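Structural features, examined
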Amino acid sequence: MNATNSKGLILVVDDATESVAMLNTALIEQGYTVLIAMDGQQALNISQRITPDLVLMDALMPNMDGFEACQQLKQNTQLSDIPVIFMTGLSSSESVVKGLESGGVDYINKPVKLDELFARIKVHISNARLTRSAHGALDEIGQASFTANSRGEMIWVSAKASETLASQEDLPATAAEVICPQLKQWLAHTPAKHSMLSLKNLNTALQVRYLGQSSPGEHLLRLVNNDDQSQRDSLRQRFSLTERESEVVLWLARGKTNREIAQILDMSPRTVNKHLEAVFTKLAVENRTSATAVCLAHLNDS
């Protein structure tokens, strides 16, 4: 079957030949294309050549078990958004937690109930595709965004965020390693949406804005340069704007469309329009062009 005509490409990782044969047949009958790996290392090698839409991972295997394979998969930023469902005969909560902590999105007990498995596969492939689409949109509009798990480890990083992190030179460790423990401590306190964390021990003043959960156990965040914050503060004070109005008008001054501003600030285009109506009144202008000119003139003067 051609993978482009299937429901998705699934990598089955299991050292039990009978289990592999059963899953292979059942998944093909459901319209999926199937790849097979007999241990964790083989699964990693295959994933680096052909990116699957989802991985069905046996927990216990020789050479490299499923937990370690999943951890290594998630450390690769090109593969980190692939959903991994663990298949395990281990029913203890400790094993379930270990699977989820290693990066799995779900688990299913053996012997596998096919109807339940198919339902979970459908949901997780759909969620992963939506996540990849959102990541692509953030990359396209130049958003310095990234996702991190609750341990503060970065899972996905946009091109702009990668550029920002790479600019941090002469650190005792990578910027991601410096940021990780700070994020872990901050996320443990369940920050409110749009709250800010000022990062320490970097050679550029950066903040992190919390945007919400992009998926269970995965947090969507944005790097904010302190220059951005100072420009927003300046606009807010000069024109008596609210915090959100100052954010909207700053992106307006940078040439972003309403739809792009909505994506950047995680609000609807209609909400952007409402903020702009208030901004036009406070700036005593009638349109976007005039508002942009007034804001740029103020920022250049200041």
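A brief report on the enclosed structure follows.

Reading the values: the criteria
- Residues numbered from 1 in each chain as written.
- Predicted model: local features only at pLDDT ≥ 70, side-chain atom pairs only at ≥ 80, totals over all residues.
- Heavy atoms only, no water.
- Helix = DSSP H or I, 4+ residues; strand = E, 2+ residues; numbered from the N terminus.
- Buried < 20%, exposed > 50% of the residue type's maximum accessible area, 1.4 Å probe, protein only.
- Contact = heavy atoms within 4.5 Å.
- Areas by Shrake-Rupley, 256 points an atom, 1.4 Å probe, with all protein chains shown as cover.
- Lys, Arg positive; Asp, Glu negative; His and termini not counted.
- Charge placed at Lys NZ, Arg CZ, Asp CG, Glu CD.
- Salt bridge = Lys/Arg side-chain N within 4 Å of Asp/Glu carboxyl O.
- Pairing = 2+ DSSP bridges.
- Axes fitted to C-alpha atoms, helices over the stretch in contact; angles between N-to-C directions.
- Parallel < 35°, antiparallel > 145°, perpendicular 65-115°, else oblique.
- Left-handed = near helix turned anticlockwise from the far one by under 90°.
- Nonpolar A, V, L, I, M, F, W, Y, C, P; charged D, E, K, R; others polar.

This paragraph deals with the overall build of the chain. If you tally the helices and strands in the chain, you get 12 helices and 10 strands. Projected onto its principal axes, the C-alpha positions of the chain cover 75 × 45 × 30 Å. For the chain, the proportion of its 302 residues judged to be buried stands at 48%. Relative to all contacts within the chain whose residues are 6 or more apart in sequence, the contacts with residues 24 or more apart total 52%. Split by element, the accessible area of the chain, about 15200 Å² in all, is 49% carbon and sulfur. For the chain, the separation between the mean place of its 28 positive charges and that of its 34 negative charges on side chains is 7 Å.

Using the criterion set out here, one finds 14 salt bridges in the structure. Two residues, Arg 120 and Asp 106, come together in a salt bridge whose shortest N-O distance is 2.9 Å. Here the residue Arg 120 occupies a position in helix H5 (residues 114-140), and Asp 106 occupies one in strand E5 (residues 106-109), the gap between them amounting to 14 residues. Across the pair Arg 232 and Glu 243 runs a salt bridge, and its minimum N-O distance is 3.7 Å. On the criterion of sequence distance, the pair formed by Arg 232 in helix H8 (residues 226-239) and Glu 243 in helix H9 (residues 243-253) is long-range, its members being 11 residues apart. Its relative accessible area of 31% is what places Glu 243 among the partly exposed residues. Linked through salt bridges whose partners overlap, the residues forming this network are Arg 232, Asp 233, Arg 236 and Glu 243.

Once that is clear, we can look at unusual backbone geometry. Residue Pro 111 follows Lys 110 across a cis peptide bond; omega there is -5°. By the secondary structure assignment, Pro 111 is in the loop between E5 and H5. At Asn 63, a residue that is not glycine, the phi angle is positive and equals roughly 70°. Tracing the chain through its elements places Asn 63 in the loop between strand E3 (54-58) and helix H3 (66-75). Residue classification places Asn 63 among the exposed residues on the basis of a relative accessible area of 73%. Within the chain, Asp 266 stands out as a residue other than glycine whose phi angle is a positive 55°.

Pairing within the open sheet is antiparallel, and its 5 strands lie in the order E7-E6-E10-E9-E8. If you trace the sheet from one side to the other, it starts and ends with strand E7 (154-157) and strand E8 (196-198), each paired once. Averaged over all pairs of adjacent strands, the angle between strand axes in this sheet comes to 30°, irrespective of strand direction. Two strands pair when backbone bridges link them, and strand E6 (residues 145-149) and E7 are joined in this way by 3 bridges, in the antiparallel orientation. Counterpart to Ala 148 in the pairing with E7 is Met 154. Where H8 meets the sheet, it contacts E8, strand E9 (206-215) and strand E10 (218-225), and its direction lies at approximately 70° from that of E10.

Where burial is concerned, most of H9 is hidden: 9 out of the 11 residues are buried. Turning to H9, its buried residues are Glu 245, Ser 246, Glu 247, Val 248, Val 249, Leu 250, Trp 251, Leu 252 and Ala 253. Where H9 is buried, its residues meet E9, H8, helix H10 (258-265), helix H11 (269-283) and helix H12 (288-301). Count one or two residues on from H9 and you reach Gly 255, which has phi positive near 85°.

Let us now look at the packing of H11 against H12. Two elements in contact, H11 and H12, have axes separated by 10 Å at closest approach and are oriented at 60°. Classified by the angle their axes make, H11 and H12 are oblique. In terms of crossing hand, the pair formed by H11 and H12 is left-handed. Residue-level inspection shows Leu 276, Phe 280 and Leu 283 of H11 in contact with H12, the latter providing Arg 288, Ala 291, Val 294 and Cys 295. Residues that form the contact of H11 with H12 fall into these classes: 6 nonpolar, no polar and 1 charged.

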